[in-house]
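Structural overview
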Amino acid sequence: EITALRRRLAAELAAARARTRALTHDVFAPGDPDMTRQHSPLMSPFHWDVAHIANMEDFWLVRRGSPTSEITEGVREDVDGLYDAFTNPRAGRTQLPLLDPAEARVYGDRVRERALEHLEAGAFDERRTLVGGFLFSMIVQHEQQHVETMLATHQLRAGAPVLHADPPPPAVVPGLAGTEVFHPGATFPMGTSDEPAALDNEKPAHPVTVADFWLDAAPVTNAEYARFVDDGGYSRRELWSEAGWEHIRAEGWTAPMTWEREDGRWYRTSFGVREEIPADQPVLHVCFHEAAAYAAWAGKRLPTEAEWEFAARYDHATGTTRRFPWGDEDPTPERANLDQRHLQPAPVGAYPAGASPLGVHQLVGDVWEWCDSGFSGYPGFEPFPYKEYSEVFFGGDFRMLRGSSFGVGTPNARTTFRNWDLPIRRQIFSGFRCARDA
Ligand code: AVJ
Ligand code: FE
């Protein structure tokens, strides 16, 4: 059992690192400026992410993950200041005296060696849980979060494509787009107190009551969103909040990121490949304001975080919550579009095995889904293990995203997982589905 846990954590660490490599050293030859360039003021240069991943692992697994509970010497403490995300804003990171790409890779390798030694030697407490087991899981999830961020940097990179993946599976359930599923209200335990991988903001479980509501059976598709655009959605003031209207006017936005109209058809650029927009895929790269304006146009609204989680976890037949819409078993390629296996969302209806008992599809994987909730701690929240993961963002101008995207690694895909960003951001793999009061 303990051997199995060690083996699972080691495999997850290796899988995360394989993805880091696939997005960096595997595709950029030594000296390629694309590795060190500022592709967008919103993103870090790739070699910063690589060394930041190593530095976090150095801090939590090498220095603090030792089998004795003592704090041990790190691989290198001299670079801590360069890779602190708080003191170094993204847009200025190329200006720093960073480790070069080769040095960053070596740093990651040396840290990983030491971390695996600690994993092997790890002590177990009386509940037979690995002391520091959560820290290993947290570091897996941290690397996977940066893997998704680096994929978003790739989306903003100009030039010939360097990433390739199989196309997503086809829709097998027809006619889902725009349909709604009735959810009878109930009181359910939102969040979790017993999921070992849960990060601080997912805890603790606490009762929340949701009223009867309708939820879209699938994320809003490109075809549905194009009807909103073609109906003048971006020039109708009444559909937008004041902040949303001001932002789209200032930026000149008239469609989702990368969309272009040519000869009456919509095209997009996906990791350097220009293609006609697939009508039945979830819309991608919209900000919260765009999602909310679409919902207003459709006579609907965005779900709250509580409604989203209720739909994704609550089993009306038994009155209990489960880990995933389909039950307690981990995601598989048949259930959800995760792990950058496909570099785009799958059409709605492609994952019947991942649907909830009431028939809500693609809650996990494909696209992050904007919810109409701000970021705060659950009652009884305690920052763990550091305030800068969640607590410092509480009460800010953020909106929540749920469900994960095709860019998310399986270790991070949970129905309790909470993601957040500013309501103007759309370089992330964001879409949405609508809800409606019953
Ligand atoms: C949870 C995605 C908002 O990228 O800012 C990475 C994740 N935290 N390193 C972010 C994170 C520290 C975080 N988000
Ligand atoms: Fe980070």
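Residues numbered from 1 in each chain as written. Chains lettered and ligands numbered in written order. Predicted model: local features only at pLDDT ≥ 70, side-chain atom pairs only at ≥ 80, totals over all residues. Heavy atoms only, no water.

Here's the deal with unusual backbone geometry
- Backbone torsion omega between Lys203 and Pro204 reads -10°, so that peptide bond is classified as cis.
- Counting through the fold element by element, Pro204 comes out in the loop between strand S2 (186–190) and strand S3 (206–210).
- In this model, Phe384 is joined to Pro385 through a cis peptide bond whose omega is -10°.
- Mapped onto the elements of the fold, Pro385 is located in the loop between strand S10 (368–371) and strand S11 (399–402).
- Residues other than glycine seldom take positive phi values, yet Thr258 does so here, at roughly 80°.
- Turning to its location among the elements, Thr258 is positioned in the loop between helix H6 (242–251) and strand S5 (260–262).
- Classification of Thr258 by relative accessible area gives partly exposed; the value is 25%.
- The backbone of Gln362 shows a phi angle near 55°, a positive value even though the residue is not glycine.
- Structurally, the position occupied by Gln362 is in the loop between strand S9 (320–321) and S10. (Helix = DSSP H or I, 4+ residues; strand = E, 2+ residues; numbered from the N terminus. Buried < 20%, exposed > 50% of the residue type's maximum accessible area, 1.4 Å probe, protein only.)

Details of helix H5 (residues 222–230)
- Burial in H5 covers these residues: Asn222, Glu224, Tyr225, Ala226, Phe228 and Val229.
- Elements that come into contact with the buried residues of H5 comprise strand S6 (265–270) and helix H7 (288–297).
- Following H5 by one or two positions, Gly232 has its phi on the positive side, about 80°. (Contact = heavy atoms within 4.5 Å.)

Digging into the layout of surface pockets
- Looking at the largest pocket, its volume works out to about 1500 Å³.
- Lining the largest pocket are 46 residues, with Ala85, Phe86, Arg90, His146 and Phe393 positioned closest to its centre.
- Only helix H2 (46–62), helix H4 (133–156) and strand S12 (419–421) provide two or more residues apiece to the lining of the largest pocket.
- Classifying every residue of the lining of the largest pocket gives 24 nonpolar, 13 polar and nine charged. (1 Å grid on protein atoms, 1.4 Å probe; cavity = no way out; pocket = protein on both sides within 12 Å on 5 of 7 lines; lining within 4 Å. Points joined across faces, edges and corners; volume = space filled by probe spheres on them. Nonpolar A, V, L, I, M, F, W, Y, C, P; charged D, E, K, R; others polar.)

A word on the sheet that holds strand S7 (residues 273–276)
- Pairing is antiparallel across the open sheet formed by three strands, whose spatial order is S5-S6-S7. The two strands at the open ends of the sheet, each matched to only one other strand, are S5 and S7. Strand-to-strand twist in this sheet, taken as the mean axis angle between neighbours without regard to direction, amounts to 35°.
- Examined bridge by bridge, S5 and S6 share three bridges and lie antiparallel to one another. Bridged to Glu260 within S6 is Tyr267. (Pairing = 2+ DSSP bridges. Axes fitted to C-alpha atoms, helices over the stretch in contact; angles between N-to-C directions.)

Description of the packing of helix H1 (residues 2–23) against H4
- Across the interface, H1 lies against H4 with an axial gap of 9 Å and an inter-helix angle of 20°. Of the possible angle classes, the one that applies to H1 and H4 is roughly parallel. Of the two possible hands of crossing, H1 and H4 adopt the one that is left-handed. Residues Leu9, Glu12, Leu13, Ala15, Ala16, Arg17, Arg19, Thr20 and Leu23 of H1 form the contact with H4, whose own contacting residues are Gly133, Phe136, Ser137, Ile139, Val140, Glu143, Gln144, Val147, Met150, Leu151 and His154.
- Its residues assigned to classes, the contact of H1 with H4 shows eleven nonpolar, five polar and four charged. (Parallel < 35°, antiparallel > 145°, perpendicular 65-115°, else oblique. Left-handed = near helix turned anticlockwise from the far one by under 90°.)

Quick word on the confidence of the model for the protein chain
- Mean pLDDT over the protein chain stands at 96; residues scoring 70 or higher make up 97%.
- Interface confidence for the predicted complex, given as ipTM, is 0.98, next to a pTM of 0.97. (pLDDT = per-residue confidence, 0-100.)

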